[in-house]
Amino acid sequence: MADNNKIEKFSASLDGKLVRPGDPEYDESRAVWNGMIDKRPALIVQCRVVSDVVESVNFARDNGLLVSVKGGGHGVAGKAVCDDGLMIDLSGMKNVNVDAESKTATVEAGATIGDVDRETQKFGLATPVGVVSKTGIAGLTMGGGIGYLGRKYGLTLDNLLSVELINYNGDIITANETENPDLFWALRGGGGNFGVVVSFEFRLHEVGPKLMSAQIFYPIEECGKILRSYRKFSSQAADEIACYALVVKVPPVPPFPERFQTKTAIAIVACHSGELEVAREELAPLETFGNPILSLIQPMDFVSMQQGFDAGVPSGMRYYWKAHYFDRLTDEMIEVFVSHVNPLPGSFSLVGFEPLGGAINRVEKSATAFSRRDANYVLGIWSGWEDPEMDQSVINWTRRLHQKMTPFAMGGVYSNYLDQDDEDQASAAFGTSYERLRAVKAKYDPENFFRINHNIKPKKAVRGA
């Protein structure tokens, strides 16, 4: 650890604030969304401008400190924070600048997807992002980005045009299709392995302001029947339709019938990004899958739709995730799934299938580091609870379901859903892109300075080559 004189000099060089253990804001500053993560950095830099990031990287490198990087802080594995190192907190850098004429947006790396949605929708524009508005744009983008607009316009990373990044030398680098294209390729799927991205430029599309939304809840006893109907519907759906099948806890509020509140149910949640009247007609079959507890098919403004899951994933609760890719849903796997998901453990647990396909699958596999272009579904096991005494039982439940579904999976895992005990899954997450990613890592971060992430170890040069 650097001596106090060096730390004071470092602090004076910052536009932002240096937070240390014992400071009143230390505990709040080190906290991330997943309450299971409890790490204590030696220093936290609350960055305000790019020069703060440069100073932080240089100070950490010169003083042999570990570095973690926090954008939105929403990653389940808690890689935003480290023990005894320097945490670079970008959450104060969240400007979103929209160029409506060129249909692009420049977004600072501390922004959430809610920040992006709010600013782009002022111009009737959007870029595909996730479905929880408090998610950080940085981690989401560099890992993939699955959401309601993905089947129409691709993953979040498919709409990335350029980035600015601080490398381990403290240099500011631009990466896009013409400048450092190898780095640009790697950043689209390879996560935060290559430096600190401080801004993103995205392509925007005309979206909204209202889209057709469907939220239909069925009794859990009908789960198998609903999933078989979902399989048929989703396999034939237009690109404008993103349809999720989720096992959930029924919210304890009207208009849900009181006898179903807090009970486990199967929900079909869908968004149609096309013309409203066409959308209403094309989503209508979702109401016929079984006997609905509640059915709502109605126009909704896009920003509100993007906030629909927020209440179910509050900050500070305890979360543990697992995931699989699937190309199809078979009768056997549906039976196995149904036999395990009732009841759900924990108040904030959610399990189910989110759609890929469409534009996501039409991108050439080698065009980005996101390697699983042939999958049609992600199974997410997003377990959430409040009581620490439930930790082991819920974690064990999550692992059992993941294990039971493994024989039906395609292999690999969506990197944004890797948890803190998935260190051995990095190569599986990056799939056929892994060796190429190692070569890019060796070029841009040869000493593995940025390693508090789902780490890609740099490829070592062959002696004499």
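See the structure above.
What this report covers is the structure whose coordinates are included nearby. (Residues numbered from 1 in each chain as written. Predicted model: local features only at pLDDT ≥ 70, side-chain atom pairs only at ≥ 80, totals over all residues. Heavy atoms only, no water.)

## So, the packing of helix H8 (residues 223-236) against helix H11 (residues 331-340)
Phase 1: Interhelical geometry of H8 versus H11 gives an angle of 140° and a closest axis separation of 10 Å. The orientation of H8 relative to H11 falls into the category oblique. The interaxial crossing formed by H8 with H11 has right-handed handedness. Of the residues in H11, those in contact with Cys-223, Gly-224, Leu-227, Arg-228 and Arg-231 of H8 are Asp-331, Ile-334, Phe-337 and Val-338. (Axes fitted to C-alpha atoms, helices over the stretch in contact; angles between N-to-C directions. Helix = DSSP H or I, 4+ residues; strand = E, 2+ residues; numbered from the N terminus. Parallel < 35°, antiparallel > 145°, perpendicular 65-115°, else oblique. Left-handed = near helix turned anticlockwise from the far one by under 90°. Contact = heavy atoms within 4.5 Å.)

## As for empty space enclosed by the protein
Phase 1: Enumeration according to the criterion identifies one cavity of 30 Å³ or more in this entry.
Phase 2: Its boundaries defined by the atoms lining it, the largest cavity holds a volume of some 60 Å³.
Phase 3: Lining the largest cavity, in full, are Gly-143, Gly-189, Tyr-325, Ala-369, Phe-370, Ser-371, Arg-372, Val-413, Tyr-414, Ser-415, Ala-429 and Phe-430.
Phase 4: The residue makeup of the lining of the largest cavity, split by class, is seven nonpolar, four polar and one charged. (1 Å grid on protein atoms, 1.4 Å probe; cavity = no way out; pocket = protein on both sides within 12 Å on 5 of 7 lines; lining within 4 Å. Points joined across faces, edges and corners; volume = space filled by probe spheres on them. Nonpolar A, V, L, I, M, F, W, Y, C, P; charged D, E, K, R; others polar.)

## Comments concerning the sheet that holds strand S16 (residues 318-326)
Phase 1: As summarised here, the arrangement of the seven strands in space is S15-S12-S14-S13-S17-S18-S16, forming an open sheet in which the pairing is antiparallel. Each edge of the open sheet carries a strand with a single partner, namely strand S15 (294-301) and S16. Neighbour-to-neighbour, the strand axes of the sheet open up by a mean angle of 15°, direction not taken into account.
Phase 2: Strand direction decides the pairing type here: strand S12 (residues 210-219) and S15, joined by eight bridges, are antiparallel. (Pairing = 2+ DSSP bridges.)

## Looking at the pairing of strand S10 (residues 196-203)
For a regular strand, side-chain orientation follows a simple rule: the groups alternate between the two sheet faces.
Phase 1: Burial analysis of S10 places six of its eight residues in the buried class, which makes it a mostly covered element.
Phase 2: Across five bridges, strand S6 (residues 104-108) lies against S10 in antiparallel orientation. In the strand pairing of S10, Val-107 is matched with Phe-200.
Phase 3: Alignment of strand S8 (residues 160-166) against S10, held across six bridges, turns out to be antiparallel. Counted as the bridge partner of Val-163 is Phe-200 from S10. (Buried < 20%, exposed > 50% of the residue type's maximum accessible area, 1.4 Å probe, protein only.)

## Considering helix H13 (residues 391-405)
Phase 1: In this model, H13 (15 residues) spans 22 Å end to end at C-alpha, consistent with the 21 Å of a helix rising 1.5 Å per residue.
Phase 2: Taken residue by residue, H13 has Asp-391, Val-394, Ile-395, Trp-397, Thr-398, Leu-401 and Met-405 as its buried positions. Projected down its long axis, H13 carries its buried residues within an arc of 160°, all on one side.
Phase 3: Lining the buried residues of H13 we find S16, H11, strand S17 (350-355) and strand S18 (377-385). (Expected span 1.5 Å × (residues − 1). Arc of directions from axis to C-beta.)

## Regarding helix H3 (residues 50-62)
An α-helix turns once per 3.6 residues; consequently, residues spaced three or four apart project the same way.
Phase 1: Taking 1.5 Å per residue as the helical rise, H3 with its 13 residues ought to reach 18 Å, and the 19 Å between its terminal C-alpha atoms agrees with that figure.
Phase 2: All of the buried residues in H3 are Asp-52, Val-53, Val-54, Ser-56, Val-57, Phe-59 and Ala-60.
Phase 3: Of the residues flanking the end of H3, it is Gly-64, one or two places downstream, whose phi is positive at about 65°.

## Overview of the layout of surface pockets
Phase 1: Estimates place the volume of the second largest pocket at around 400 Å³.
Phase 2: Residue lining of the second largest pocket: 24 residues in total, with Ala-31, Val-32, Trp-33, Ser-315 and Gly-316 positioned closest to the centre.
Phase 3: Broken down by class, the residue content of the lining of the second largest pocket amounts to seven nonpolar, 11 polar and six charged.

## Structural notes on the environment of Ala-375
Phase 1: Structurally, Ala-375 is set in the loop between helix H12 (359-362) and S18.
Phase 2: Using a relative accessible area of 0% as the deciding quantity, one classes Ala-375 as buried.
Phase 3: C-alpha separation for the pair Ala-375 and Gly-195, spaced 180 residues apart in sequence, amounts to 29 Å.
Phase 4: For Ala-375, the residues in contact, after removing those within four places along its chain, are Tyr-325, Phe-326, Leu-356, Gly-357, Asn-361 and Met-410.

## A closer look at the packing of H11 against H13
Phase 1: Between H11 and H13, the least distance of the axes is 10 Å, while the angle of their chain directions is 170°. By the angle between their axes, H11 is roughly antiparallel relative to H13. As for how H11 packs across H13, the hand of that crossing is right-handed. Residue-level inspection shows Met-333, Val-336, Phe-337 and His-340 of H11 in contact with H13, the latter providing Trp-397, Arg-400, Leu-401, Lys-404 and Met-405.
Phase 2: For the contact of H11 with H13, the per-class residue count stands at six nonpolar, one polar and two charged.

## Overview of the environment of Leu-283
Phase 1: With respect to the helices and strands, Leu-283 occurs in helix H9 (residues 276-283).
Phase 2: As for Leu-283 and Met-212, which are separated by 71 residues in sequence, their C-alpha atoms are 8.4 Å apart.
Phase 3: Setting aside its immediate chain neighbours within four residues, Leu-283 contacts Met-212, Ser-213, Ala-214, Phe-233, Ile-241, Ala-270, His-272 and Ile-297.

## What about the sheet that holds S8?
Phase 1: An order of S5-S6-S10-S8-S9 is seen for the five strands of this open sheet, with the pairing classed as antiparallel. The strands lining the two open edges of the sheet, one partner per strand, are strand S5 (96-99) and strand S9 (172-176). The average undirected angle you get between the axes of adjacent strands in this sheet is 15°.
Phase 2: Packed on one face of the sheet, helix H4 (residues 113-121) meets S5 and S6 and runs near 30° to S5.

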